[in-house]
There are 2 protein chains.
Amino acid sequence: MHGFDQPVNVFWGKKMSAQGASIGNGHKAAIREENEKAILEAAEEVFAEYGFSGASTSRIAERAGIPKANLHYYFPTKEELYRRVIDNIFNIWLEAANSLDDSDDPGQALTRYIHTKMDLSRSRPLGSKVWANEIIQRAPMIQDYLEVTLREWTDSRTGMIQRWIDEGKILPIEPRYLLYMIWATTQHYADFGHQIATLNEGRELSDAQWEEAKRTVTEIILRGIGIAS
Amino acid sequence: MHGFDQPVNVFWGKKMSAQGASIGNGHKAAIREENEKAILEAAEEVFAEYGFSGASTSRIAERAGIPKANLHYYFPTKEELYRRVIDNIFNIWLEAANSLDDSDDPGQALTRYIHTKMDLSRSRPLGSKVWANEIIQRAPMIQDYLEVTLREWTDSRTGMIQRWIDEGKILPIEPRYLLYMIWATTQHYADFGHQIATLNEGRELSDAQWEEAKRTVTEIILRGIGIAS
DNA sequence: AACATTCCTGACCGATTGGTCAGGTAAATA
DNA sequence: TATTTACCTGACCAATCGGTCAGGAATGTT
């Protein structure tokens, strides 16, 4: 993977070629920041594709362009690195979750939420895949997230939806299964993006196709719960 | 994992304890059938949870209750075993796919298809998970299935849906995205079953809850494309 | 210039990986 | 009963795994 038996001061040259040009200011803190970012990005890619057990630290290091030992300098264990990746993903998820609130009517609120989730599936598909892998594996690392944060959020939103039903704003359906449907449908475009691309003559959805998908999903769900469009 | 340094003819005793009582007729063919079945079941479990790269043959053998060497006697390579598992899953998927046909009106056809897919998610969640893992990993093993069989099936069904639209039986939506929505929503109950159970106070959905989920999903989708219910 | 701190990495470790093989046992055939 | 065939498995293999470590290089501080 790397050369060996080379003279010692080739290190400098190797470092440059491995890490690329520096970003500007020469602080140590900047080096740290830069390397941690590269590692976290590579880790998200590899964890998304292979899951926690299937991912190898050497593969992550390779994709980040650094030796494995250097990866372990910044992130002592694979688990620690994985937790950092999961943390980032969950925070992004939380942000999207906030877009579903009670500030306006059901149609606007749900449209905004569905669009936010769809956009997230396009801009950050890796996060969704890491999450999917984690759930498929029965959430060995994030069970606490599910039991606390996600449960509280879900309870509050099902309550909100139930109020919409009680006020006659939407048809009576079980709120939980509406939420699951929105999650499933929007995240499908990230998790199953490869299948969708394959069925699209091997190409990723174009901007226009993406907009049409968003529109179709939103229309079916809103009309499905009795909101005219 | 297994004992060692034991007298040779303990083999008999070990074999019995490892494989349990024989199923009846003592054909060699029966032994083969029985062992292959046990291995395939264990493999589906482990591949579902860890994906291809994350799964280990020793773990599969352990779960099947046989030594790893015996697993490799029946399935020489991990890849071969994986292909057999994938084959089984795809055949089941094909069976479900046949339930979406043109023999009756859109409402009945789609209701039957959604129910079949939902039932499959409950009875065979592992298959769905193996498939999900494979797609997330960009389908290294089943790309041919996607490009040929799945593509042909999808093209024929989108054509059928488009005809329904042209005949004014359902509202004009892009057929592809309707299919994706059905796949996403129904398979979500298998792939994300752990998350759903966690949000259900840690319990799997009861029979009644399952029926309500099916009803909710079907209602929203049918109403969403303009079929009254 | 001297020193301290942080960054960096080849070489290495024990454990586990997918897979092999010699040599055994059990069943089918003759 | 003798022989062929299929089944079974402990022990082993090279490769890879996650992780360590000694020690050199680069940077920051004085």
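Criteria and thresholds
- Residues numbered from 1 in each chain as written.
- Chains lettered and ligands numbered in written order.
- Predicted model: local features only at pLDDT ≥ 70, side-chain atom pairs only at ≥ 80, totals over all residues.
- Helix = DSSP H or I, 4+ residues; strand = E, 2+ residues; numbered from the N terminus.
- Buried ≥ 20, exposed ≤ 12 C-beta atoms within 10 Å, placed from the backbone.
- Contact = placed C-beta atoms within 7 Å.
- Domains from an automatic or database assignment.
- Nonpolar A, V, L, I, M, F, W, Y, C, P; charged D, E, K, R; others polar.
- Expected span 1.5 Å × (residues − 1).
- Bend = angle between axes of the 7 residues up to and from the residue.
- Least-squares fit on C-alpha atoms with pLDDT ≥ 70 in both.
- Core = buried A, V, L, I, M, F, W, Y, C linked by C-beta atoms within 7 Å.
- Axes fitted to C-alpha atoms, helices over the stretch in contact; angles between N-to-C directions.
- Parallel < 35°, antiparallel > 145°, perpendicular 65-115°, else oblique.
- Left-handed = near helix turned anticlockwise from the far one by under 90°.

### Thoughts on the environment of Leu150 of chain B
Following the sequence through the fold, Leu150 of chain B ends up in helix H8 (residues 143–166). Given 19 C-beta atoms within a 10 Å radius, Leu150 of chain B is considered partly exposed. Separated by 60 residues in the primary sequence, Leu150 of chain B and Phe90 of chain B have C-alpha atoms spaced 9.8 Å apart. Those residues within four positions of Leu150 of chain B in sequence are excluded, and the remaining contacts are Leu199 of chain A together with Tyr145 of chain B.

### Remarks on the domain arrangement of chain A
Residues and elements named next belong to chain A. Along its sequence, chain A is carved into domain 1 (11–76) and domain 2 (84–224). For domain 1 and domain 2, the distance between their C-alpha centres works out to 31 Å. Across the contact, eight residues belong to domain 1 and ten residues belong to domain 2. Its residues assigned to classes, the side of domain 1 that touches domain 2 comprises five nonpolar, one polar and two charged.

### What to know about helix H8 (residues 143–166) of chain A
Residue and element names in this part refer to chain A. Relative to the 34 Å expected for 24 residues at 1.5 Å per residue, H8 spans 33 Å between its end C-alpha atoms, a close match to the ideal helical length. Along its length, H8 shows its largest kink, about 35°, at Leu150. Here H8 has its buried residues at Thr154, Arg157, Ile161 and Trp164. Turning to H8, the residues buried within the fold contact helix H6 (106–123) and helix H9 (175–191). Where H8 ends, the next residue or the one after it, Gly168, has phi of about 75°, a positive value.

### Some remarks on the relation of the copies chain B and chain A
With an RMSD of 0.1 Å, the fit of chain B onto chain A corresponds to turning through 180° and sliding 0.0 Å along the axis. Those values place the two copies in the arrangement expected of a two-fold rotation axis. Counting the interface residues of chain B, we find that 100% of their copies in chain A are interface residues as well, pointing to one common contact surface.

### With respect to the interface of chain B and chain A
In this complex, chain B contributes 44 residues to the contact, which on the side of chain A involves 45 residues. Looking at the side of chain B that touches chain A, the elements that each hand over two or more residues are helix H2 (28–54), helix H7 (125–136), H8, helix H9 (175–191), helix H10 (193–198) and helix H11 (207–224) of chain B. Taken together, the residues of the side of chain B that touches chain A sort by class into 21 nonpolar, 13 polar and ten charged.

### What to know about the nonpolar core
Within the largest apolar cluster, 105 residues are counted, with the highest numbers of intra-cluster contacts made by Ile221 of chain A together with Phe47 and Ile221 of chain B. Discounting residues that sit within four places of it in the chain, Ile221 of chain B has contacts with Ile220 and Gly224 of chain A together with Leu110, Ile114, Met181 and Ile182 of chain B.

### Some remarks on the packing of H9 of chain A against H9 of chain B
Running from N to C, H9 of chain A and H9 of chain B cross one another at 120°; their axes reach a closest spacing of 8 Å. Put simply, H9 of chain A runs oblique to H9 of chain B. Handedness of the crossing formed by H9 of chain A with H9 of chain B: right-handed. Contact residues: H9 of chain A offers Tyr180, Met181, Trp183, Ala184, Thr185 and His188 of chain A, while H9 of chain B offers Tyr180, Met181, Ala184, Thr185 and His188 of chain B.

### Some thoughts on H11 of chain B
Each α-helix winds once per 3.6 residues, and so residues spaced three or four apart point in a common direction. With 18 residues, H11 of chain B extends 25 Å from end C-alpha to end C-alpha; this agrees with the ideal 26 Å at 1.5 Å per step. Taken residue by residue, H11 of chain B has Ala213, Lys214, Thr216, Val217, Thr218, Ile220, Ile221, Leu222 and Gly224 of chain B as its buried positions. Those residues of H11 of chain B hidden inside the fold are in contact with H9 and helix H11 (207–224) of chain A together with helix H6 (106–123) and H9 of chain B. Residue Gly226 of chain B follows H11 of chain B closely and has a positive phi angle near 90°.

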